[in-house]
Amino acid sequence: MKNCRASLLSAAILVLACAPLARSQDIASFEKRITVKTLDNGLTVLVCERPEAPVFSFYTHVDVGSDHEYPGITGLAHMFEHMAFKGTDKIGTTDYPDEKVAIAKIEQAYQAYDRERRKQFDRDEKKVAELEQAWKDAMTAAQKYVVENQFGEIVEQHGGEGLNAFTDNEETGYHYSFPSNQLELWAYLESSRFLHPVLREFYKEREVVHEERRLGESNPFERLFEQFMAAAYVAHPYGQPVVGWPSDLESFSMTDAQTYFDKYYVPANMVVTLVGDVKASEAIPMVEKYFGQLPTKPKPEPLRTVEPPQNSERIVILHDPAQPVFIEGYHKPSALDKDDAVYDALQDLMSNGRTSRLYRALVRDKKIAAFAGGFSGVPGVKYPNMFVFFAISTPGHTPDEIRDAVHEEIARLQKEDITDEELAMIKTRAKADLIRRLGDNQGLAFELGGTQALYGDWRELFRQVDRIENVSKADIRRVANSTFVQTNRTVGLSESTHLAQASTEKENQ
Amino acid sequence: MIRLRQAAAAAIFVLSWMAVAPTSRAQVDDWKKIQTPPLHQFHPWLPKRIELPNGMVIFLIEDHELPLITGTAEIRGGSVDEPAEKIGLVNIYGQAWRTGGTKDKTGDQLDDFLEAHAAKVETEGGLDSTTISWDCLKDNLDDVFKIFVSVMREPEFRADKIALAKRQIDSAISRRNDNPFGIASREAALIVYGADSPYARISEYATVAAVTREDLIAWHDRYVHPNNIILGVVGDFDSTAMETRLRAAFESWPKGPALTKQQFPLHGPKPGIYFVQKEDVTASSVQMLDLGTTRDNPDYYAIEVFNEFFGGSFSSRLFSNVRSKKGLAYAVGGGIRTDYDHPGMLRISMNTKSKTTAAAIDALNEEIDALKTNPGTAQEIVKAKEAILNSFVFRFDSSEKVLRERMTYEFFGYPSDFLEKYRAGIDKVTIQDVARVAEKYVHKDRLAILVIGNAPDFDRPLSSFGPVTTLDVSIPPPPGAKP
């Protein structure tokens, strides 16, 4: 349960649409079904009526991910996401007043233990052991009040489906679906996890989160990607892994998590989206009744750090027992930039399906890759991010061959206009892709809520179609020339430490 | 950004609770007090079933929400039916069927046309079946349907695309030991079903190389007949017009020879510890394995309830005890798996850091042992049943789900009201039923335990659990490759 969102996936989500839409899928038709309200405390609620079946999905967007983390607390946003499943003062406890005291004792004991164990010179090992034991004893003492996973149990028992959450580089999202007669229960549960969160079993859950990191470490692509991102960003937190560095996962505290929560989980930072068999006239007052209790707090200061312009090519080579992988990224502006649609068009042209340029060049013709694509919006879109090429080679072929072939395709973009057919295809597909994303409650909640949060207006989801419609061949060439330059490039490749397999290509049948 | 010092933050931490607490007075603060109104009346989509004289079965569902139409034909015969020396045939077939083009058009020409219209026609090979599908905007139906029929009836299997499919599969073979989860699911099936079982066997460079264009053509000629096809269409169309279109396209297609479904004997694993050494991981994958059963087994409903509270939900025993209480895993879960026409696997799996590998096995053993004295409390069973029944609506809350479900029942010869029976079946499950299936299917002494990890880092040697069989997962080199 609960994932750190894979970065290339969030890129794919961002391919946005174009060309005039059919009547039933345009802004006007959604205007009739969508109601947006900002509550007095600053929380935004969006309701989209879609009474196809007696169910609804929701998506709580919190405008903070790992972007506000710094060394020492990396992974904390994701850690809090896990804690939001641990219950409240009423859910998950046999006796909250006593449990509260027991939890405070855990934190006291942890702080003492952590101080001692992290001393550089005069660490007293015996004292460390004693303090560690005291901390563990405090956890054991608090455990007796815990009703395990009661929050999830209530959701499931009442028919909840797809209970989960995710954290990425710029947001935390909570979501599941319910039968539509559970609207009030939903409002109670979802608001209470932010009104009265209890950080019970924090240090055990920290172990769980560290296990989640290890799952990533088992994946050769993720091993390379983490190093690649760390090289690509020298200042902006996009370079930090969402799941956190191991030492931070072994150090950050319940206090750190509470601080992060208090600062960023404020109503002005939240967009709650409901889609399905719900009426705005019933849902909005329900959200007001429950979420309206969240205390008003100032919206946190926006992130200060901006990644400075890259002035040098950066190359990461991972020597790894796995088969080779190739990544190459170029910095580009955020989703709010006027050229964002041009990058989306580039992504479609380079990566979408068997007509894409990289598929045809690397997979079909040169036969050197099993997969090749280029994606906009890595690892996120809110801040200036990267356009990233990614490929895996076929047996017997090397990342060097892949790199040369990718550079050939980049040079083609820079020197020649794309064809009329290609441009038309990009625009047609953008329009159809948007339509295909409108037929599912949960998917629609992500689209509408995400757009509302990023742009302050869900209509941007549809307006992006117009922006892609306006992309010209000259735009593509201009952006390719300004973005894909050597000093703006970071390369990540792995070289297999196993003996290269002999080529198995046999063209004869 | 102001960073609070630890001590100050700790104080705020406690204060914030106190500050928040009083605001709860205005709230219905106990979820038990919340009234649940009855669920809205709902008449789910009903597929229209049409059986052509040549045996083709068609299901139609009109859904006018979006201007899209998709159709999927499922065709009997899949990789379980391919010869042992050509494992990978159906995979190659599933790719080259579409990419290899038709008599008139190359696959690339089809790509150009379809992508320009934001449409898809795709084919795929599976375990029991192959599929061919289309997905288009309704305005493009005429053109796209024409391509669909032409790929279905007149594929050309051009050689360059067969080679491409083989390269893709070879690439996957070369990478199959890179990720421990891939190793885990592959080896689990091999242990449970046996190395020769069609439910477990895997492609090698040699079996892929052995597949010829003639094999693909022969496969197509053998299986793609109307009497082996179930076609489902959903979307923005008029059923009468669609029926006319489909009859015109398929009614004159002569029936082919009947297929006899092969049965494959399955014996279950040889109990013991199986181990795959992998140096480049920080965590181990641990699995406990046995044979599960089929969905037409009367025990199915009790098994579903058992799975829900044992290892299949957010509040299950495995999740709560192994993950939340012990902090041993991120991913943990499992149960007695069922399949339509062959026994699924009983599979309990988790991932844990190398130095708690033995502790993880202990923890799973503890949960299995606990079933002896406590195979499900009354409360666990009530909650599990409620969870299944209350979320039942999500089995048919979209037209696509309804269609898929009906096609699956038709394919495996299950009754069309299987889903309604399911609900009644779950409702009737008693605590005794659950105890009986736990005892019948979960046997500690019959389990195979599979571990993938880096042994030098383990907390205890695996031999402390019994004799260990070390599995050789090295990839046999391609035929003719230098040793």
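Let me sum up the structure you'll find in this document. (Residues numbered from 1 in each chain as written. Chains lettered and ligands numbered in written order. Predicted model: local features only at pLDDT ≥ 70, side-chain atom pairs only at ≥ 80, totals over all residues.)

### Quick notes on the pairing of strand S5 (residues 129–137) of chain B
Residues and elements named next belong to chain B.
For step 1, the next point in the chain: Relative to S5, strand S3 (residues 68–76) runs antiparallel, the two being bridged by nine bridges. Paired with Thr-70 across the bridge in S5 is Asp-135.
For step 2, the next point in the chain: As paired strands, strand S4 (residues 120–125) and S5 are joined by six bridges and run antiparallel to one another. Across the sheet, Gly-125 pairs through a bridge with Thr-130, a residue of S5.
For step 3, the next point in the chain: Taken together, S4 and the strand that follows it, S5, pair antiparallel across an intervening segment of three residues. (Pairing = 2+ DSSP bridges. Helix = DSSP H or I, 4+ residues; strand = E, 2+ residues; numbered from the N terminus.)

### What to know about the interface of chain A and chain B
For step 1, the next point in the chain: Counting from both sides, the interface comprises 85 residues of chain A and, opposite them, 87 residues of chain B.
For step 2, the next point in the chain: Elements represented by at least two residues in the side of chain A that touches chain B include exactly helix H4 (96–117), helix H6 (150–157), strand S5 (161–167), strand S6 (172–179), helix H7 (183–195), helix H8 (202–217), helix H11 (254–264) and helix H16 (420–436) of chain A. (Contact = placed C-beta atoms within 7 Å.)

### Regarding the packing of helix H3 (residues 76–83) of chain A against H8 of chain A
All names here are of chain A.
For step 1, the next point in the chain: Viewed as axis vectors pointing N to C, H3 and H8 meet at an angle of 120 degrees, and their least axial separation amounts to 10 Å. Classified by the angle their axes make, H3 and H8 are oblique. Between H3 and H8 the crossing geometry is right-handed. Mapping the contact onto sequence places His-78, Met-79, His-82 and Met-83 in H3 and Phe-202, Glu-205, Arg-206, Val-208 and Val-209 in H8.
For step 2, the next point in the chain: Within the contact of H3 with H8, the residues separate by chemical class into five nonpolar, two polar and two charged. (Axes fitted to C-alpha atoms, helices over the stretch in contact; angles between N-to-C directions. Parallel < 35°, antiparallel > 145°, perpendicular 65-115°, else oblique. Left-handed = near helix turned anticlockwise from the far one by under 90°. Nonpolar A, V, L, I, M, F, W, Y, C, P; charged D, E, K, R; others polar.)

### Describing the pairing of S5 of chain A
Residues and elements named next belong to chain A.
For step 1, the next point in the chain: Burial within S5 is extensive, with five of its seven residues counted as buried.
For step 2, the next point in the chain: Bridging between S5 and S6 involves five bridges; their strand directions are antiparallel. By the bridge assignment for S6, Phe-166 is matched with Gly-173.
For step 3, the next point in the chain: Linking two consecutive strands that pair antiparallel, namely S5 and S6, is a turn of four residues. (Buried ≥ 20, exposed ≤ 12 C-beta atoms within 10 Å, placed from the backbone.)

### Re unusual backbone geometry
All names here are of chain A.
For step 1, the next point in the chain: Here Val-378 and Pro-379 are connected by a cis peptide whose omega angle stands at 0 degrees.
For step 2, the next point in the chain: Positive phi values are uncommon outside glycine, yet Lys-367 reaches one of about 60 degrees.
For step 3, the next point in the chain: Here Lys-367 is to be found in the loop between helix H14 (357–365) and strand S10 (369–378).
For step 4, the next point in the chain: Classification of Lys-367 by C-beta neighbours within 10 Å gives partly exposed; the count is 18.

### Thoughts on helix H4 (residues 141–153) of chain B
Residue and element names in this part refer to chain B.
For step 1, the next point in the chain: In a regular helix each residue adds 1.5 Å, so 13 residues correspond to 18 Å; H4 covers 18 Å between its end C-alpha atoms and thus fits that length.
For step 2, the next point in the chain: Those residues of H4 not exposed but buried are Leu-141, Val-144, Phe-145, Ile-147, Phe-148, Val-151 and Met-152. An end-on view of H4 places all buried positions within 155 degrees of arc, on one side of the element. In H4, the exposed positions angled more than 90 degrees off the buried face are occupied by Asp-142 and Lys-146. (Expected span 1.5 Å × (residues − 1). Arc of directions from axis to C-beta.)

### A look at the environment of Lys-297 of chain A
All names here are of chain A.
For step 1, the next point in the chain: Here Lys-297 is to be found in the loop between helix H12 (280–291) and strand S8 (314–320).
For step 2, the next point in the chain: Taking the number of C-beta atoms within 10 Å as the measure of exposure, Lys-297 has 16 and is therefore partly exposed.
For step 3, the next point in the chain: Between the C-alpha atom of Lys-297 and that of Phe-121, which follows or precedes it by 176 residues, the distance is 42 Å.

### Some details on the sheet that holds strand S13 (residues 448–453) of chain B
Residue and element names in this part refer to chain B.
For step 1, the next point in the chain: Spatially, S10-S12-S8-S13-S7-S14 is the arrangement adopted by the six strands of the open sheet, whose pairing is mixed. Two strands in the sheet have a free side with no partner beyond their single neighbour: strand S10 (332–336) and strand S14 (468–470). On average, adjacent strands in this sheet sit at an angle of 20 degrees to one another, irrespective of strand direction.
For step 2, the next point in the chain: Note that S10 and strand S12 (residues 345–353) share five bridges and pair antiparallel. Residue pairing in the sheet places Val-332 in a bridge with Met-350 of S12.
For step 3, the next point in the chain: Of the strands in this sheet, strand S7 (272–277), strand S8 (283–291), S12 and S13 are in contact with helix H6 (residues 180–193), which crosses S8 at around 20 degrees.

Bear in mind that shape data such as this cannot, by itself, settle questions of function.
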